[in-house]
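Next come the chains, spelled out residue by residue.
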Amino acid sequence: MPTTAPASFNPDLIDTGPPPIPEAQGWARAYDGRFGPLIDLSQAVPGSPPPQALLDKLAEAAADPAATRYGGITGDSGLRETYAAEISRVYGASFAPGEIAVTSGCNQAYVVTMMALARAGDNVLLPTPWYFNHEMTLTMLGVEARPLPCAPEAGFVPDAATADALIDDRTRAIVLVTPNNPTGAVYPPETIAAFAALCARRGIWLVLDETYRDFLPATVAKPHEVFATSGWQDSVIGLYSFSKAYAVPGWRLGAITAGDAALAQISKVLDCVQISPVRAGQTAITWGIDGIRDWRERNRAEINDRAALFRQAMAPLNDWRVLSAGAYFAYVAHPFEGTPAADVVRRLVEERGVLALPGPYFGPGQENHLRIAIANVAAERIGLLGDRLKGFSI
């Protein structure tokens, strides 16, 4: 009987690593509870649900037969108009609804943007440590994720001159995430401006992922000035997520801000991968942008307070060094030189009930580091960290 070879998969997809968070969360099953409840610092998820009024708006919208029909490829006009008005307020610049596309989460916003900008054999610069889904997306598309190293002593803020030296004729974009995942670093406006100028000069795109924009300290007047400059539409694309600020990650809603030419290409991809975003959630968020603004401001303050509590809890532990910390994330150097970060994380959760993520999930050269997700943990559990880490050894 003749034999046949098994069907094969896309080699670029095979070369893409598996989603890392489930692996780390699996290690937590070995914890026996001896130190009390698990402190899960592995994933950036809102720690509490949104206000009931927002959930009521979702139920009301879902009951409307109109929500069962297809919507616009780039989202419903109501949300695009309201979000355009919102970011006009945030950045002090004017945006048109036609410069907005609503997506099924910010990860999708990133995927469709990369598909529009680069093809197999091209490269995109990612500051390291990087957000692992950004690297995974590029790898499965056959696009090189070119590391742009960020030094701990610089607060993990990337340098435009270093990036300039890494650009070649196959470079299509530089991606910046600010406030940053995984480090929590907030990039100064002048850094973002320098990268925008670099990309405009070199004829490539600056893709600015501002998923955590709403958690900047209240003292920050605006995140940056890039969208207030003329011509940004030709070289800058903004990405955003409604998941964190509105505490609705399960609704899968994000947004792209871009000029007409970029959105025309991105829309082709959106028509193939989403047709239209879930409409009931769009309706609820359209109301929620203004409807829960006070709640969002209180939530911003509470999460920034948690970041301060984290720094306080870690301060006495001189052998554990907090290299960078923001409202949602902190990046920490563990004290066990030469021990793989995954071994540190596994032992830490098994023996002390604290789950973080190992640095190598976020790119090369990260073995001495752990990422801590702060925002989803109640303040009283953050306060327990010092006791859990005290005396821990390998």
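Residues numbered from 1 in each chain as written. Predicted model: local features only at pLDDT ≥ 70, side-chain atom pairs only at ≥ 80, totals over all residues. Heavy atoms only, no water.

**With respect to the overall build of the protein chain**
The line we're drawing: By definition, any uninterrupted DSSP run of H or I lasting at least four residues is a helix, any uninterrupted run of E lasting at least two residues is a strand, and each is numbered from the N terminus. Atoms considered for the radius of gyration are the C-alpha atoms alone. The globule rule reads 2.2 Å times the number of residues to the power 0.38. We call two residues in contact whenever any of their non-hydrogen atoms come within 4.5 Å of each other. Per-residue accessibility takes into account occlusion by the displayed protein chains alone, with areas from the Shrake-Rupley method and a 1.4 Å probe. Positive charge is attributed to Lys and Arg, negative charge to Asp and Glu, and no charge count is given to His or to the chain ends. To locate a charge, take NZ of a lysine, CZ of an arginine, CG of an aspartate or CD of a glutamate.
On a plain count of helices and strands, the protein chain comes out with 14 helices and 13 strands. For the protein chain, the C-alpha radius of gyration of 21 Å lies close to 21 Å, the compact-globule estimate for 394 residues. Projected onto its principal axes, the C-alpha positions of the protein chain cover 65 × 55 × 55 Å. For the protein chain, contacts bridging at least 24 residues in sequence account for 75% of all contacts bridging at least 6. Of the accessible surface of the protein chain, which amounts to about 16800 Å², a share of 54% is contributed by carbon and sulfur atoms. Distance from the positive charge centre (32 side chains) to the negative charge centre (41 side chains) of the protein chain: 2 Å.

**Examining the environment of G105**
What counts is decided by this rule: Three exposure classes are used, based on accessible area relative to the maximum for each residue type with a 1.4 Å probe and protein chains only: buried under 20%, partly exposed in between, and exposed over 50%.
Note on placement: G105 falls in the loop between β2 (100-103) and α5 (106-117). Judged by its relative accessible area of 0%, G105 is buried. Along the backbone, G105 and G250 are 145 residues apart, and their C-alpha atoms lie at a distance of 9.2 Å. Those residues in contact with G105 that sit more than four places away from it in its chain are R252, L253 and G254.

**Let's talk about the pairing of strand β13 (residues 369-373)**
The condition that has to hold: If DSSP finds at least two bridges between two strands, the strands pair.
Most of β13 sits inside the fold, with five of its five residues counted as buried. In β13, alternate side chains face the same way, and those of H369, R371 and A373 on one face and L370 and I372 on the other are all buried. Bridge count for strand β10 (residues 329-333) against β13 is five bridges, and the pairing is antiparallel. Paired with F329 across the strands is A373, a residue of β13.

**Considerations on the pairing of β10**
The buried fraction of β10 is high, at five of five residues. Burial of β10 is two-sided: the residues F329, Y331 and A333 facing one way and the residues A330 and V332 facing the other way are all buried. Here strand β9 (residues 321-325) pairs with β10 via four bridges, running antiparallel. Paired with A325 across the two strands is A330, which belongs to β10. Hairpin connection of β9 to β10: three residues between the antiparallel strands.

**As for the side chain of T74**
As for its placement among the helices and strands, T74 is situated in the loop between α3 (52-62) and α4 (77-91). Once residues lying within four places of it in the same chain are set aside, the contact partners of T74 are R80, I100, A101, V102, S267 and L270.

**With respect to the sheet that holds β9**
Overall, antiparallel pairing links the four strands, which are arranged β9-β10-β13-β12 in an open sheet. Looking at which strands have only one partner, the edges of the open sheet turn out to be β9 and β12 (357-358).

**Digging into the sheet that holds strand β7 (residues 236-241)**
Put simply, the rule reads: To get an axis, fit a line to the C-alpha atoms, keeping to the stretch in contact for a helix; angles then go from 0 to 180 degrees between the N-to-C directions.
The strand order across the open sheet built from seven strands is β2-β8-β7-β6-β5-β3-β4, with neighbouring strands paired in mixed fashion. Since the sheet does not close on itself, it has two edges, and those belong to β2 and β4 (144-149), each with one partner. Each strand of the sheet is rotated relative to its neighbour by a mean of 25°, with strand direction disregarded. Relative to strand β3 (residues 123-128), helix α6 (residues 132-140) is tilted by about 160°, and along the sheet it contacts β3, β4, β5 (171-177) and β6 (205-209).

**A closer look at helix α8 (residues 189-202)**
Here is the rule we go by: Multiplying 1.5 Å by the residue count of a helix minus one yields the expected span of that helix. Directions pointing from the helix axis toward each C-beta atom define the arc.
For α8, which comprises 14 residues, the first-to-last C-alpha distance of 20 Å matches the rise-based estimate of 20 Å (1.5 Å per residue) to within 8%. Listing the buried residues of α8 in full gives T191, I192, F195, A196, L198 and C199. One side of α8 carries all its buried residues, which in axial view fall inside an arc of 160°. Exposed residues on α8 whose side chains face more than 90 degrees from its buried face are E190 and R201.

**Overview of the packing of aromatic side chains**
Keep this limit in mind: Here a pair means two rings of Phe, Tyr or Trp (six-membered ring of Trp) with centres within 6.5 Å. Their orientation is stacked below 30 degrees between planes, edge-to-face above 60, and tilted elsewhere. The criterion is that NZ of a Lys, or CZ of an Arg, lies within 6 Å of the ring centre and within 35 degrees of the ring normal, and then a charge sits over that ring.
Within this structure, the stated rule accounts for 18 aromatic pairs. When the ring of Y91 is compared with that of F227, the centres are 5.0 Å apart and the planes differ by 75°; the resulting orientation is edge-to-face. Pair noted here: Y91 is in helix α4 and F227 is in the loop between β6 and β7, with a separation of 136 residues, a long-range link. Considering the side-chain rings of F95 and F227, the 5.4 Å spacing of their centres and the 75° angle between planes classify their relative orientation as edge-to-face. Placement of F95 in the loop between α4 and β2 and of F227 in the loop between β6 and β7 is noted, with a sequence separation of 132 residues between them. With a relative accessible area of 8%, F95 lands in the buried category. If you follow R346 out to its NZ or CZ, it ends over the ring of W27, 4.6 Å from the centre.

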